[in-house]
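Single-letter residue listing:
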Amino acid sequence: GLLRIDHVGIAVADLDEALRFYADSFGLHCVHQETNEEQGVREAMLAVGDGDGPRLQLLAPLRPDSAIAKFLDRNGPGLQQLAYTVTDVEAAAAALRARGLRLLYDAPKRGTGGSRINFVHPKDAGGVLVELVEPASGGTPVG
Ligand code: V0V
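Throughout what follows, the structure given in this document is the object of discussion. Bear in mind the structure is a predicted one, so any value in this text is a computation, not a measurement.

Under the counting rule described, the total for this entry stands at 4 aromatic pairs. Relative to Tyr22, the ring of Phe21 has its centre 5.4 Å away and its plane inclined at 90 degrees; by these criteria the two rings are edge-to-face. What links up through ring pairs into an aromatic cluster is the set Phe21, Tyr22 and Phe26. The ring of Tyr105 is capped by Lys109, whose NZ or CZ atom sits 4.8 Å from the centre of that ring.

Right, dumping it as structure tokens:
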């Protein structure tokens, strides 16, 4: 099942500019940053409050044909995805497939911090791009 909200992803055109905006306006700071070539993104994770809860993920496109670039072209900057932590991404994906939802990948791909990820098509999830995240640690619930 879904353990908790892992992060909320926001598409931005320029990662450095967005990081300055979130620090200056909301006092939210980056705790992790990486480039994911396969996903075509530069991404940053921002901690909220004590940092134990869900994070904010800023996603900037690396290439014009990437998912984030297409999202920005269509919608402009804004909420792009809702990610849930799961213990086992393959099991979670299989359970959703069995309920008739389309998963984007046959097998999980690499996500932030060595996590394993898959996505539910937004058309099968009420207009929300849902990401499943199995953390590198294996999804041990916090707190
Ligand atoms: C597209 N649609 C969305 C959407 N993107 N609806 C809600 N939220 C979104 N983010 C709608 C769009 O308005 C169209 O609706 C319809 O879906 C188009 O579907 P499509 O033609 O099948 O697909 P595309 O080409 O628009 O691409 C959408 C998908 C693509 C979701 C298939 O973005 C994708 O593959 N995303 C998964 C990978 C990803 O997002 N990577 C970046 C984050 P109408 O107009 O037909 O009604 S990487 C990441 O999260 C990492 C590394 C991590 O967390 O660790």
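Now, onward.
Let us now look at helix H3 (residues 89-98). All of the buried residues along H3 are Val89, Ala92, Ala93 and Leu96. Down the axis of H3, the sector holding all buried residues measures 95 degrees, keeping them to one side. For H3, the elements touching its buried residues are strand E5 (78-86), strand E7 (116-120) and strand E8 (130-134). N-capping of H3 is provided by Asp88, with a side-chain oxygen placed 3.0 Å from the backbone N of Glu90. Residue Gly100 follows H3 closely and has a positive phi angle near 90 degrees.

Moving on, we get to the sheet that holds strand E3 (residues 41-47). Strand order in the open sheet formed by 8 strands is E2-E3-E4-E1-E5-E8-E7-E6, with mixed pairing between adjacent strands. Edge positions in the sheet fall to strand E2 (29-36) and strand E6 (109-110), since each of these pairs with one other strand and no more. Judged from the 4 bridges that link them, E5 and E8 form a sheet pairing that is parallel. Within E8, the residue paired with Thr85 across the bridge is Val133. Packing against the sheet, helix H1 (residues 15-26) makes contact with strand E1 (2-11), E2, E3 and strand E4 (55-61), and its axis sits at approximately 10 degrees to E3. Relative to E7, H3 is tilted by about 15 degrees, and along the sheet it contacts E5, E7 and E8.

Okay, the side chain of Glu134 next. Relative to the elements of secondary structure, Glu134 occurs in strand E8. Here the side chain of Glu134 touches Val89 through a polar contact of 2.8 Å, landing on its backbone nitrogen. When residues no more than four places from it in sequence are discounted, the contact partners of Glu134 are Val86, Thr87, Asp88, Val89, Ser115 and Arg116.

Rules of the game
Residues numbered from 1 in each chain as written. Predicted model: local features only at pLDDT ≥ 70, side-chain atom pairs only at ≥ 80, totals over all residues. Heavy atoms only, no water. Phe/Tyr/Trp six-rings, centres within 6.5 Å; stacked < 30°, edge-to-face > 60°. Lys NZ or Arg CZ within 6 Å of the ring centre and 35° of its normal. Buried < 20%, exposed > 50% of the residue type's maximum accessible area, 1.4 Å probe, protein only. Helix = DSSP H or I, 4+ residues; strand = E, 2+ residues; numbered from the N terminus. Arc of directions from axis to C-beta. Contact = heavy atoms within 4.5 Å. Polar contact = N/O pair within 3.5 Å; in protein donor to acceptor, adjacent residues only side chain to side chain. Pairing = 2+ DSSP bridges. Axes fitted to C-alpha atoms, helices over the stretch in contact; angles between N-to-C directions.

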